[in-house]
Each structure stands twice: as C-alpha cells, then as structure tokens.
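Fold and geometry: a report
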Amino acid sequence: MKTLLLAIVQLIYLLSCQQNKIKQPSRTIREEKGEGNLGAIHIIPLGKVRKDLIEDVIDGLQSFYHQEIIVESTALLTEDLLAPSRTRYNANEILNKFNSTKNILIITEKDISTFKGVKQPEKFYNAPVKGITKEWGIFGLGLRPGNVCVISAFEKRLGKNSTPKLLKERLQKIAIHELGHNKGLEHCNKNTECLMHAADGSIKQVDNEKLFFCEDCRKILGI
Ligand SMILES: [Zn+2]
Ligand SMILES: [Zn+2]
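Residues numbered from 1 in each chain as written. Chains lettered and ligands numbered in written order. Predicted model: local features only at pLDDT ≥ 70, side-chain atom pairs only at ≥ 80, totals over all residues. Heavy atoms only, no water.

**So, the overall build of the chain**
Helix and strand counts for the chain stand at eight helices and nine strands. Across the 223 residues that make up the chain, the buried fraction comes to 54%. For the chain, contacts bridging at least 24 residues in sequence account for 68% of all contacts bridging at least 6. Surface exposure of the chain reaches about 10700 Å², of which carbon and sulfur atoms provide 53%. (Helix = DSSP H or I, 4+ residues; strand = E, 2+ residues; numbered from the N terminus. Buried < 20%, exposed > 50% of the residue type's maximum accessible area, 1.4 Å probe, protein only. Contact = heavy atoms within 4.5 Å. Areas by Shrake-Rupley, 256 points an atom, 1.4 Å probe, with all protein chains shown as cover.)

**Some words on the coordination of the zinc ion (ligand 2)**
At 2.3 to 2.4 Å from the zinc ion (ligand 2) lie its protein donor atoms, namely C188 (SG), C194 (SG), C214 (SG) and C217 (SG). Coordination at the zinc ion (ligand 2) is tetrahedral: its four donor atoms span angles of 102 to 115° at the metal. Along the chain, the residues donating to the zinc ion (ligand 2) fall in the pattern C-x5-C-x19-C-x2-C. Here C194 is found in the loop between helix 6 (164-182) and helix 7 (203-208), whereas its partner C217 is found in helix 8 (residues 215-221), with 23 residues between them in sequence. Side by side, C194 and C217 carry an identical accessibility label, which is buried. (Donors = N, O, S within 2.8 Å, 3.2 Å for Na, K, Ca; no water. Tetrahedral: all angles 85-135°; square planar, octahedral: opposite > 155°, others 65-115°.)

**Digging into the sheet that holds strand 6 (residues 112-115)**
Pairing within the open sheet is mixed, and its three strands lie in the order 4-6-7. Looking at which strands have only one partner, the edges of the open sheet turn out to be strand 4 (89-90) and strand 7 (135-138). In terms of strand pairing, strand 6 meets strand 7 through four bridges, oriented antiparallel. Of the residues in strand 7, the one forming a bridge with T114 is W136. (Pairing = 2+ DSSP bridges.)

**A look at the pattern of salt bridges**
Summed over all chains, the structure comprises ten salt bridges. With a shortest N-O distance of 2.8 Å, D207 and R170 are connected by a salt bridge. Here R170 lies in helix 6 and D207 lies in helix 7, a separation of 37 residues in the sequence. The exposure class of R170 is buried, given its relative accessible area of 2%. D216 is paired through a salt bridge with K190; the nearest N and O atoms lie 3.5 Å apart. Pair noted here: D216 is in helix 8 and K190 is in the loop between helix 6 and helix 7, with a separation of 26 residues, a long-range link. For D216, a relative accessible area of 34% corresponds to the partly exposed category. Of the residues examined, K190 reaches a relative accessible area of 58% and is grouped as exposed. When salt bridges that share partners are traced, they join R88, D111, E135 and R157 into one network. (Salt bridge = Lys/Arg side-chain N within 4 Å of Asp/Glu carboxyl O.)

**Brief notes about helix 6**
Helix length check: helix 6, at 19 residues, gives a terminal C-alpha distance of 27 Å against a target of 27 Å (1.5 Å per residue), a fit within 8%. The element helix 6 is extensively covered by neighbouring structure, given that 14 of its 19 residues are classed as buried. Following helix 6 by one or two positions, G184 adopts a phi angle in the positive range, close to 105°. (Expected span 1.5 Å × (residues − 1).)

**Overview of the nonpolar core**
In terms of nonpolar packing, the biggest core is built from 35 residues, with I43, V57, L61, Y65, L105, I107 and F213 touching the most fellow members. Of all elements in the fold, only strand 2 (41-46), helix 3 (51-64), strand 5 (103-108), strand 9 (148-152), helix 6, helix 7 and helix 8 reach the threshold of two or more residues within this core. Residue contacts for L105: discarding those within four places in its chain leaves I41, H42, I43, I44, V57, L61, C149, I151, A175 and L179. One finds I94, I112, W136 and V150 within the second-largest nonpolar core, a separate group that totals 19 residues. (Core = buried A, V, L, I, M, F, W, Y, C linked by side-chain atoms within 4.5 Å.)

**Overview of the pairing of strand 6**
Burial along strand 6 is two-sided: the residues I112 and T114 and S113 and F115 are all buried. Pairing geometry for strand 4 and strand 6, over two bridges, is parallel. Bridging from a neighbouring strand, Y89 pairs with I112 of strand 6.

As structure tokens, then:
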C-alpha cells in the first residue's frame, strides 16, 4: 500500500512510455483491477494499421494474458486527436476519447505524443497546458490502473534500426507493458529485464527487456 501511495504521487516522464495515473489512494491495486481487466481485450486500430502488426500484438498478448482478444473495426483518425504540432497524435486525448468499461487497446501506425513537464492529472488532462508546449514522442501510454491504453507502431520511432522480427517483438513488449499498467503495475525496478522496467525509456532499453514479467510483477498480477 505504501508503495502504491508513493507511486501515485510520483511523477514519471519517460520517452518510451508514460502512465496516466488515476488517483484513488483508498483502494488497493487488486481492488482496482475490477471485472473490466479480466474480460476480453478489445483491439481498436486507429487509422490504417497493417494486419500483420495487429496479428503480432494478438500473439504477444495471448502468451501473457489469458483473455479473449477481439479486434474491433477501425476507428477514424480525427482532427480532435491531433497534438498541437499537428504532426503527431495526442496520446492523452486518445485515452480520453476511447476510455471504456471494457479493456481497450488502441493501436496506430501514427506517431503519438504526450507532454514533457506537465504535472500528471487527477485522471486525464487535455493538452496543451498553459506554458507547456513540448511534445514528447512515445511508444505507448496506458492508464494505471484503467481500461485503456494506446500503442504506436510508428516506423521512425519503433522501427528504428529494426528488422521485421525485431519490430514485432518491440510492439509486443509495448502492448504487454501498457496493459500491465492498466492492470495496476507500475514501473519495475526489481529486474532490468522485466517488461515493466522502464529506466530510461529508450528503444535500446526496450530491446534489453525480455518477454517476461519478474516474480514481483507476476505476484501483483496474480499470474
Ligand atoms: Zn510504462
Ligand atoms: Zn517486474
């Protein structure tokens, strides 16, 4: 509980991943998981997304979370989701728009961003915040705990120095990591190879992680 409280007030800004935290200190992670986290995972492609990338994500999720996976129809990349730069999409806005009582994983091939230096919200925030304009490109963003996360397969970010095999692995890692946040996991400092580890948030660090959760993270998830 002490760790959870600490995590709630902690501000973590990382290149690869950011957690949007819902402040509910009176409840435990396990209670927060609720039914939503145990039902099916609904994948929503946001804009045009290659079929093989979606299949890679499904493969990755199935090996970790024994939940039904349903691919929903493609959602439109609408203007309201654009970040102020208008070259990226605002990950916070995406979470806000698609938040649901179901488990939702949004996947897009577009670049997504959040805002560096913005104080984390009580629940959500809608950028831009006064005086803060620096966009921070990210691989994924998920509520912790919550029911919605977004991952980006943007070629120039996730596909950097990559092969198709490596891109697949990276995408799977990001998806499993963000869903881990939804299920209540915070960043893990117990094991640098744990999927929830996020020391510097670089692609190198993603590559260093293995497709596994350390014992501590598994214990929290009950798997
Ligand atoms: Zn993270
Ligand atoms: Zn861990």
